[in-house]
Amino acid sequence: MVPHLTTALTGPLLELERHFLDNACAIERWMRTQWQEHLPPFYGSTDLRNSGFKLAPVDLNLFPGGFNNLNDAFMPLCVQAAQAAIERICVGAGSILLIPENHTRNQFYLQNVAKLVSILRLTGLEVRLGSLLPEITEPTVVELANGSSLTLEPLERHGSRLGLKDFNPCAVLLNNDLSAGVPDILQNLHDQWVIPPVHAGWHSRRKSNHAAAYDRVAQDFGTAIGIDPWRINPAWDTCGGLDFHARAGEQELADKVAAMLDNIRAKYKEYEVTDEPFVVVKADAGTYGMGVMTVKDAAELIGLNRKQRNKMSVVKEGLEVHDVIIQEGVHTFETVNNAVAEPVAYMMDHYVVGGFYRVHTQRGRDENLNAPGMHFEPLAFEAPCSLPDCNQGPDAPPNRFYAYGVVARLALLAAAVEIEATEPTAALEEAAA
């Protein structure tokens, strides 16, 4: 099943997908050489937008929390990819400590943790859960709505290693994005793999760093297969020193948005696109769809009302927003049961292991769908995203999903480049040079 692509512009998209199919061998060879140079993140997820003339990632999460939304048909792929990731890190690994978010009352998130535990155990690992919550002072059983349960245990630090009572794991896997900062107990764990590395958390990570890395990846990929990188890459800019409550910096932000809208109109004219361009203003750090605003006219940013200022001024953990990324908006013309939808691709190691559709019945094709009222359609991709069928049309299920998989892997590659470039020692060496 492929959700309906409601656009008169399927021609350009079909041309892009056909180009992917015609160059599948070159694409896979290029991808293979890239993964020889860059260590893939353990896992990640990316939101894709399919506008008919453009197929691009608009967000990349290094601490994905929706494994429970994947169709069970993806489980073999998940286990195989997790096995590859573990072998890459430590061939002899026998145990892993999973540290989740502090969402002990969020049943959907806890079911995600349970699915992750299942995947990891099927690779042959002993898996236990360590909690950062101060109230977890002894093993605590949390019941899940589906009848299963999880046991959270208090963390114990021994020198430069982290574990639990009578549990000394080979590695620590974070499913906590560290928005509030890196707690002392996670600092300087030199004798263990910590995945993702703590500097990938939202306390220090910036979406603009990822966008810069994706620029490099998209440019190289476009050159390799002969496409305009804009077809797979949203334009972006940044604006800092903002104070939404005091209205400080709003004119500079409006000027930058106006300039980007002009640039998008020029590209639309080049590709004969008649849709109205828009941009998305996002907090440069943060997740959960917080601190996000869609803008079609720069004048909308002058004199925001109190509700709008409150929405943009804080993100997860109550952190204030002073820096934003201005991202070219990519329409989504895909629908599921007549509701606007966008594909979300999940990856482990450098493999796409599945995905689902984020659906919102109350949002438009030019709006953020990661908002209250969304739901997920766990539609199983009918074939792995790495297996196109050149005997079928480019919009056939395996081929459209292959196109998704190509762009998702580009976003993951950009995340690998981003992590390397922002690693503290790498940053210090670059500054010294």
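Residues numbered from 1 in each chain as written. Predicted model: local features only at pLDDT ≥ 70, side-chain atom pairs only at ≥ 80, totals over all residues. Heavy atoms only, no water.

**Q** Which residues make up the overall build of the protein chain, and what values go with them?
**A** In terms of helices and strands, the protein chain carries 9 helices and 19 strands. In the protein chain, which comprises 433 residues, the proportion classed as buried is 55%. For the protein chain, the proportion of contacts with a sequence separation of at least 24, taken over those separated by at least 6, is 70%. When the accessible surface of the protein chain is totalled, it reaches about 18300 Å², and 50% of it is carbon and sulfur. (Helix = DSSP H or I, 4+ residues; strand = E, 2+ residues; numbered from the N terminus. Buried < 20%, exposed > 50% of the residue type's maximum accessible area, 1.4 Å probe, protein only. Contact = heavy atoms within 4.5 Å. Areas by Shrake-Rupley, 256 points an atom, 1.4 Å probe, with all protein chains shown as cover.)

**Q** So what about the nonpolar core? Which residues, and what values?
**A** Among the nonpolar cores identified, the biggest contains 59 residues, and Phe 20, Phe 221, Ile 232 and Leu 410 are the most heavily contacted of them. The greatest single-element share of this core, amounting to 16 residues, is contributed by helix H8 (residues 397-422). Residues within four places of Phe 20 in sequence aside, it is in contact with Ile 27, Phe 221, Ile 225, Ile 227, Ile 232, Tyr 402, Ala 403, Val 406 and Val 407. Core analysis: the next-biggest nonpolar cluster, separate from the first, contains 40 residues, Tyr 43, Ala 82, Tyr 109 and Leu 116 among them. (Core = buried A, V, L, I, M, F, W, Y, C linked by side-chain atoms within 4.5 Å.)

**Q** Any chance you could break down the pattern of salt bridges for me, citing the residues and the numbers?
**A** Throughout the structure, instances matching the rule amount to 15 salt bridges. Its salt-bridge partner being Glu 328, residue Lys 54 comes within 2.9 Å of it at the nearest N-O pair. Of the two residues, Lys 54 sits in the loop between strand S2 (43-50) and strand S3 (55-61) while Glu 328 sits in strand S15 (residues 324-328), which places them 274 residues apart along the sequence. Here Lys 54 falls in the buried class, since its relative accessible area comes to 1%. Here Glu 328 falls in the buried class, since its relative accessible area comes to 1%. Notably, a salt bridge pairs Arg 88 with Asp 349, separated by 2.8 Å at the nearest N-O pair. (Salt bridge = Lys/Arg side-chain N within 4 Å of Asp/Glu carboxyl O.)

**Q** Tell me about the packing of aromatic side chains, and please be specific about residues and values.
**A** For the coordinates displayed, the defined rule picks out 12 aromatic pairs. Both rings, one in Phe 20 and one in Phe 221, keep their centres 6.1 Å apart while their planes meet at 65 degrees; by these two values the pair is edge-to-face. Taken together, the residues span a long stretch of sequence, with Phe 20 in helix H1 (residues 10-22) and Phe 221 in helix H5 (residues 207-225) at a distance of 201 residues. By the burial criterion, Phe 20 is buried, and Phe 221 matches it. Where Phe 356 meets Phe 376, the ring centres are 5.0 Å apart and the plane angle is 80 degrees; that geometry is what we call edge-to-face. Separated by 20 residues along the polypeptide, Phe 356 in strand S18 (residues 351-360) and Phe 376 in strand S19 (residues 374-377) bring together distant segments of the chain. On the basis of relative accessible area, Phe 356 is assigned to the buried category, the value being 2%. A residue is classified by how much of its surface remains accessible, and Phe 376, at 28% relative accessible area, is partly exposed. (Phe/Tyr/Trp six-rings, centres within 6.5 Å; stacked < 30°, edge-to-face > 60°.)

**Q** Give a description of the sheet that holds strand S14 (residues 292-295) that names residues and reports values.
**A** Reading across from one edge, S12-S15-S13-S14 is the order of the 4 strands in this open sheet, with antiparallel pairing throughout. Two strands close off the open sheet at either side, each with one partner strand: strand S12 (236-239) and S14. For this sheet the average axis-to-axis angle between neighbouring strands, irrespective of direction, equals 20 degrees. Sheet topology note: the S12/S15 ladder contains 4 bridges and is antiparallel. Across the sheet, residue Thr 238 finds its bridge partner in S15, namely Ile 325. (Pairing = 2+ DSSP bridges. Axes fitted to C-alpha atoms, helices over the stretch in contact; angles between N-to-C directions.)

**Q** Tell me about empty space enclosed by the protein, and please be specific about residues and values.
**A** Enumeration according to the criterion identifies 6 cavities of 30 Å³ or more in this entry. What lines the second largest cavity is a set of 18 residues, among which Val 58, Asp 59, His 210, Ala 211 and Gln 327 lie closest to the centre. With 5 residues, H5 is the single largest residue contributor to the lining of the second largest cavity. Of the residues in the lining of the second largest cavity, the class split is 10 nonpolar, 3 polar and 5 charged. (1 Å grid on protein atoms, 1.4 Å probe; cavity = no way out; pocket = protein on both sides within 12 Å on 5 of 7 lines; lining within 4 Å. Points joined across faces, edges and corners; volume = space filled by probe spheres on them. Nonpolar A, V, L, I, M, F, W, Y, C, P; charged D, E, K, R; others polar.)

**Q** Tell me about the environment of Leu 174, residues and numbers included.
**A** Residue placement: Leu 174 occurs in strand S10 (residues 171-175). Relative accessible area serves as the criterion here: at 0%, Leu 174 is assigned to the buried category. The sequence separation of Leu 174 and Val 194 amounts to 20 residues, and the corresponding C-alpha distance is 7.3 Å. When neighbours within four sequence positions are excluded, Leu 174 is seen to be in contact with Tyr 43, Phe 63, Ile 99, Leu 186, Val 194, Ile 195, Pro 196 and Val 198.

**Q** So what's going on with the confidence of the model for the protein chain? Residues and values would help.
**A** Of the residues in the protein chain, 89% have a pLDDT of 70 or more, and the chain-wide mean is 87. Predicted confidence for residues 426-433 stays below pLDDT 50, and this span has 3 contacts to residues more than four positions away or in other chains. (pLDDT = per-residue confidence, 0-100.)

**Q** Please give an account of helix H3 (residues 75-89) that cites residues and values.
**A** For H3, built from 15 residues, the straight-helix expectation of 21 Å at 1.5 Å per residue is met to within 8% by its first-to-last C-alpha distance of 21 Å. Taken together, the buried positions of H3 are Cys 78, Val 79, Ala 81, Ala 82, Ala 84, Ala 85, Ile 86 and Ile 89. Buried residues along H3 sit against helix H4 (107-122), strand S11 (193-195), strand S17 (339-348) and S18. (Expected span 1.5 Å × (residues − 1).)

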